[in-house]
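Chain by chain, the residues:
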Amino acid sequence: MKKVLTALSIGLVSFAAFASEHGGEHAPDMHALWKNFGFRALVFVLLVVILVKLAKKPLLDFLDKRTADIEKAIKDAQDAAATAKTELAEYEIKMKGFEKDLETMKENSLKAAEAEKVMILEDAAKQADKLKAFAENLIDSELKRAKVQLKKDAVMAAIAAAEAKIGKELDADKQKKILEDYIRKIEVAG
């Protein structure tokens, strides 16, 4: 309020100085000017008083409400920040747990893969041994069959050669006896 009165005083002094400069017959009536200025100042003061009387309570209520809203917003933000910090700490703990679980799962997977590898290699070795034994058995049986076939072919060739050599001199009984003797000799030799 003091600032308003100081400003008005400075305005009045400067107005008076202006009026005194232009003295003479066209000089303004100072009494009328002061009267006009007084009415204007009175109206202004009344306007300020009325505004203060009418607007003071709503303005103070508005400012109080705005202050309360700001304080509530600050408190909510602080609560949210505290909650966020707590959740962040919880998530960090969970992440450490997940990292440990992930490491454990990785180790278990590597162990399982190694065990699977060993099992596959053992199975492959068993299959290879079975195939080798099967091949050896097949070779042995084919060798025996080939020997038997060779013996039969040799006997048939010997018979054919003997028949050609001996010709028709031998009868069927003698041929049979010679053949049986020859077969026995071959079986004993083989």
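For the structure itself, look to the data block above.
A.B. asks: Outline the overall build of the chain, supporting the account with residue identities and numerical values.
C.D. replies: A count of helices and strands for the chain gives 3 helices and 0 strands. The order of α-helices and β-strands along the chain, N terminus first, is α-α-α. A burial count over the chain gives 3% of its 190 residues as buried. Carbon and sulfur atoms form 66% of the exposed surface of the chain, whose accessible area is close to 16900 Å².

A.B. asks: So what's going on with the environment of L179? Which residues, and what values?
C.D. replies: Tracing the backbone shows L179 in helix α3 (residues 172-189). When sequence neighbours within four positions are dropped, the list of residues in contact with L179 reads V155 and I159.

A.B. asks: If you had to explain the pattern of salt bridges to someone new, which residues and values would you point to?
C.D. replies: Overall, the coordinates contain 5 salt bridges when judged by the stated rule. Residue D69 is joined to K65 by a salt bridge in which the shortest nitrogen-to-oxygen separation is 3.4 Å. Placement of both D69 and K65 in helix α2 (residues 30-166) is noted, with a separation of 4 residues, approximately one turn of the helix. On the accessibility criterion, D69 (37% relative accessible area) is partly exposed. The salt bridge partner of E142 is R145, with a shortest N-O separation of 2.7 Å. Of the two residues, E142 and R145 are both situated in helix α2; the distance of 3 residues between them amounts to about one turn of the helix. A relative accessible area of 53% means that R145 is categorised as exposed.

A.B. asks: How would you sum up the packing of aromatic side chains? Please name residues and give values.
C.D. replies: One pass over the full model with this rule turns up 1 aromatic pair. Taking the centre distance of 6.1 Å and the plane angle of 85° together, the rings of W34 and F37 count as edge-to-face. One end of the pair, W34, and the other, F37, are both in helix α2, 3 residues apart, so they sit about a helical turn from each other. For W34, a relative accessible area of 38% translates into the label partly exposed. Exposure remark for F37: the relative accessible area of 25% places this residue in the partly exposed category.

A.B. asks: So, a nonpolar patch on the surface: which residues are in play, and what are the values?
C.D. replies: The grouping of F39, L42, L46, I50 and L54 at the surface amounts to a nonpolar patch, some 530 Å² of accessible area in total. Within the secondary structure, L46 is located in helix α2.

Calculation notes
- Residues numbered from 1 in each chain as written.
- Predicted model: local features only at pLDDT ≥ 70, side-chain atom pairs only at ≥ 80, totals over all residues.
- Heavy atoms only, no water.
- Helix = DSSP H or I, 4+ residues; strand = E, 2+ residues; numbered from the N terminus.
- Buried < 20%, exposed > 50% of the residue type's maximum accessible area, 1.4 Å probe, protein only.
- Areas by Shrake-Rupley, 256 points an atom, 1.4 Å probe, with all protein chains shown as cover.
- Contact = heavy atoms within 4.5 Å.
- Salt bridge = Lys/Arg side-chain N within 4 Å of Asp/Glu carboxyl O.
- Phe/Tyr/Trp six-rings, centres within 6.5 Å; stacked < 30°, edge-to-face > 60°.
- Patch = residues over 30% accessible without salt bridge, like charges linked within 9 Å, V, L, I, M, F, W, Y side chains within 5 Å.

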